[in-house]
Amino acid sequence: GPTIKLEDYRPTDFVLHSVAMTIRLFEGSAEIDTQLVLERREGVGADTPLVLDGDELTLSGVTLDGAALAADAYTASPERLEISALPAAGRFTLAIGTRIVPEENTKLMGLYRSNGVWCTQCEAEGFRRITYFLDRPDVLAPYKVRIEADKAAAPILLSNGNPAEHGELPDDRHFAVWDDPFNKPSYLFAVVAGDLDSIHEEFTTASGKPVTLGIYTEKGRVAQAGYAMDALKRSMWWDERRFGREYDLDVFNVVAISDFNMGAMENKGLNVFNHKYVLLDSDTATDADYAGVETVIAHEYFHNWTGNRITCRDWFQLCLKEGLTVYRDQEFSADERSAPVQRINSVRRLKAHQFPEDQGPLQHPVRPREYKEINNFYTATVYDKGAELVRMIATILGRDDFRKGMDLYFERHDGDAATIEDFIACFEDAAGADLTQFALWYSQAGTPSLAITEDYDAASGTLTVGLKQALEVGASGTGGAPFHIPVRFGLVGSNGEDKAFTVAHGAEVDGDVIHLTGEEETVVFENVGERPYLSVLRDFSAPVTLHHEQSLSDRLALARLDPNLFNRWRILNDLVAEALVEASRKPLAPSQPPLPPEIVDAILGSAGDESIEAAYRAQALALPSEPEIARMLAENVDPDAIHAAVEAAKRFIGERGRKLFEAIRADARPAADFSPDADSAGRRSLANVALGYLAAASGDPAPAEAQYAAARNMTDRLAALAILVHRFPAADASKAALADFYTRFEDDGLVVDKWFALQATIPDVAALDTVAGLLDHPKFTLRNPNRVRALVGTFAGGNQLAFHRADGAGYRFVAERIAELDKLNPQIAARIATTFRSWRSFEAGRRHAAKAALENLAAIPDLSNDTRDIVGRSLR
Ligand code: B3K
Ligand code: ZN
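Please read these numbers as outputs of a predicted model, since none were measured by experiment. (Residues numbered from 1 in each chain as written. Chains lettered and ligands numbered in written order. Predicted model: local features only at pLDDT ≥ 70, side-chain atom pairs only at ≥ 80, totals over all residues.)

(A) Focus on the nonpolar core. Ranked by size, the top nonpolar core spans 248 residues in total, and within it V191, V192, A228, V255, V272, V278 and V293 carry the most contacts. If sequence neighbours within four positions are ignored, V272 has contacts with C119, Q121, A190, V192, V255, I257, A264, M265 and N267. (Core = buried A, V, L, I, M, F, W, Y, C linked by C-beta atoms within 7 Å. Buried ≥ 20, exposed ≤ 12 C-beta atoms within 10 Å, placed from the backbone. Contact = placed C-beta atoms within 7 Å.)

Given below as structure tokens:
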């Protein structure tokens, strides 16, 4: 396909004023009539034709102001409708008829059927699979949508906006009309029709406007929608308080669908969700699932202002809505749960997904400059690094000026399709700041490194801090110009409090932030008294890799004393990661402990500190992931060596901390009634981490077996099962529990997904045979994205030993699945193909095998644009 470039942006030749649609749904087909009121843009020549986008469409008719068009006035193909001889000036109405077959739509883009329910997914370019259109985000219009369907098959008929009329039709059919008064781009269009259950609640906005909230589910599942409803109301309340944003329509509907390409979609007034992010109860969902539902409900709701009321001028500006909305949902979770724990989670996620992307062939700037397939740019870089950039603006400006900038953004750009430049200008204007250098973060790809040195002079009580930034080796196509890096810091005294100081000279220091803007700068802190412990990059104030030359004793002191809880965690996590990297490079001598004991004791100290919340203590115990260690190694990676190092570390921690872990377990009597609140979830999490270490150290499956049998919620049940299946795959107890789990939950697809995923992640090269065998399981299908992700996606993304098998069989297996899936659902195929992205960092044998698998994919002649783009960029 062609390459689309940011620099080529120009507005459409025609302006769209309004859209009216009639959608007639039948078994086996759908008829779409679309009326567009259009007008030639001023200055566009009278002979310029109107070119509308299509994708696999069949035109059934077209009229101009009610009259048929001459045969030579238009050309139609599945991909395009071009109309010439349109009025030189003034408004005209084009009526376009298309016919589609939702039942045959396996790409799940456009209008399709999921378990009998008609539903749509239009972002990014799905609307053109429903009707010919100016299918781009800067074409905004009000929509009026009439849906007609059989009453029994689809008693519920939903679209965007507010409900207008509804009524009966002949042949046991009925109709409903929906009116969306807000200008919107086509990617926010949605229709849902089917036999759905629902719950409704009223919400009154801060200014007293009543809103009816609805959540729709497949039959029999609405009892599992209560938590999502609760999360929705809390999100609405929070956005009013924190950002002054109120909801704007009379209704807000959420529909839970079982076949969905991603998590959820923020269509105006009608969010469509993967049911994984709506449906749960304590028997079938873990605490992590609850947190996921809360986050995704909030995220899609927050899009109503950041994405819908203000949308993107073009897809290059995707981070304008996604990075900002992730930042908003992270802030929401920090307020609803625990700020340090939330920050630890976000940083872990950034390092697990975004750092490797930024350090490999799929690297791109937060605002890309070109793409071949936009769906491949819904990435960790756009979302998670995009959120970090917004957080850095808040750090640089401070909370009040940041809020002023956001207020100005909402005021100035409401109703617009905006750009990153527009967004940044609001903060510059509101705060009187210059963000020119900061804006490089949007255009320059790669993770910069930040080196910190310190020099204390006792005689003068002066601490000199050196800061030096550099772009990581391998960052391509970028100028390497220095970033504006906000470094949050503190000078910690031996009493655990931040010390006062005066800044003599050097880089700009504003409160607790050093602004590093040059490549290399120093800051001289005077009057610091006795030597402080330097705590830098607090709260991970910039997405960089940190190299702080600091003694082990200083680091261990900070791990105990730092008033910034995030940094206490980060410092320990770095120490462990560095030790594991070393242990993975060359086998330890038999006399050497797998981790330095003083580091283990520091971890156990954090984990045993009852003055800190349990969720944080659990985080202190969670080791860096094996892919994270692989990323730090950067070259000649041997996943077997990493796994051996991590396993040895787990056993060692388990032995050294046995008393603590037993005490934690003894303390964790489950409450009589399950509550999903953050505090209770944190306690469960700590107890389950303790169980894992005890199992690692003892080699005894019995405690996990007992917990599985006694479990009264999915969190405890699945944690026990994972320990059994992953650590003792051959034990009878493990096999029995796995079988019991399946029989108990075989009718609940979301739990069956957990059963598949658990087996896909058994840390053993033999897991490949297990996964290959499961392809023939009656519940496996390539047609349900959740199921494919659970088995194939989880295997490729989460099984370091079996996907990255030395014999290359894991790579070949996944490449074959990608090829099969590509024929049905290219978006999911392309997503799974990204699991190859770090192939160059592995040792030679694996590197060659991965490359061969990618080349085999590239050689398939009719490979989709989606998968070809990922494979091509990965090989480049
Ligand atoms: N905006 C959608 C993602 C659409 C992905 C299209 N391939 C969900 C979200 O980010 O909220
Ligand atoms: Zn989003």
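Back to the write-up after that little detour.
(B) Up close: the sheet that holds strand β8 (residues 80–83). Sheet architecture is open: 3 strands sit in the order β4-β8-β7, paired in antiparallel fashion. The sheet is open, and its two edges are formed by β4 (50–53) and β7 (74–77), each paired on a single side. Taking each pair of neighbouring strands and ignoring which way they run, the sheet shows an average axis angle of 5°. (Pairing = 2+ DSSP bridges. Helix = DSSP H or I, 4+ residues; strand = E, 2+ residues; numbered from the N terminus. Axes fitted to C-alpha atoms, helices over the stretch in contact; angles between N-to-C directions.)

(C) Broad picture of the site of ligand 1. Around ligand 1, the surrounding shell consists of E123, A124, M262, A264, M265, E266, H299, E300, H303, E322, N375 and Y378. Its residues assigned to classes, the shell around ligand 1 comprises 5 nonpolar, 3 polar and 4 charged. (Near = placed C-beta within 6 Å. Nonpolar A, V, L, I, M, F, W, Y, C, P; charged D, E, K, R; others polar.)

(D) Highlighting the domain arrangement of the chain. Domain boundaries in the chain define domain 1 (4–194), domain 2 (311–443), domain 3 (450–532), domain 4 (551–699) and domain 5 (746–876). Computed from C-alpha atoms alone, the centre-to-centre distance between domain 2 and domain 3 is 25 Å. Listed per partner, the contact involves 9 residues of domain 2 and 10 residues of domain 3. Per element, the largest residue contribution to the side of domain 2 that touches domain 3 is 3 residues, and it comes from helix α5 (residues 380–397). Residue classes in the side of domain 2 that touches domain 3 are distributed as 5 nonpolar, 4 polar and no charged. (Domains from an automatic or database assignment.)

(E) Quick look at unusual backbone geometry. Here the bond from E123 into A124 is cis, since omega is 5°, no more than 30 degrees from zero. Examined against the element boundaries, A124 turns out to sit in the loop between β11 (117–121) and β12 (141–150). The phi angle at N527 is positive, at roughly 55°, despite the residue not being glycine. Tracing the sequence through the fold places N527 in the loop between β31 (520–526) and β32 (533–536).

(F) Expanded view of the sheet that holds strand β21 (residues 270–274). Spatial ordering of the open sheet is given by β17-β18-β19-β21-β20, a layout of 5 strands whose pairing is mixed. Each edge of the open sheet carries a strand with a single partner, namely β17 (196–204) and β20 (264–265). Alignment of β20 against β21, held across 2 bridges, turns out to be antiparallel. Its bridge partner being in β21, A264 is matched across the sheet by F273.

(G) Region of interest: the packing of helix α9 (residues 552–561) against helix α10 (residues 565–585). α10 packs onto α9 with a crossing angle of 145° between their chain directions and a minimal axis gap of 7 Å. Helix-helix and strand crossings are classified by hand; for α9 and α10 the assignment is left-handed. Packed against α9, whose contacting residues are R555, L558 and A559, the element α10 presents N567, R568, I571, L572 and L575 at the interface. For the contact of α9 with α10, the per-class residue count stands at 5 nonpolar, 1 polar and 2 charged. (Left-handed = near helix turned anticlockwise from the far one by under 90°.)

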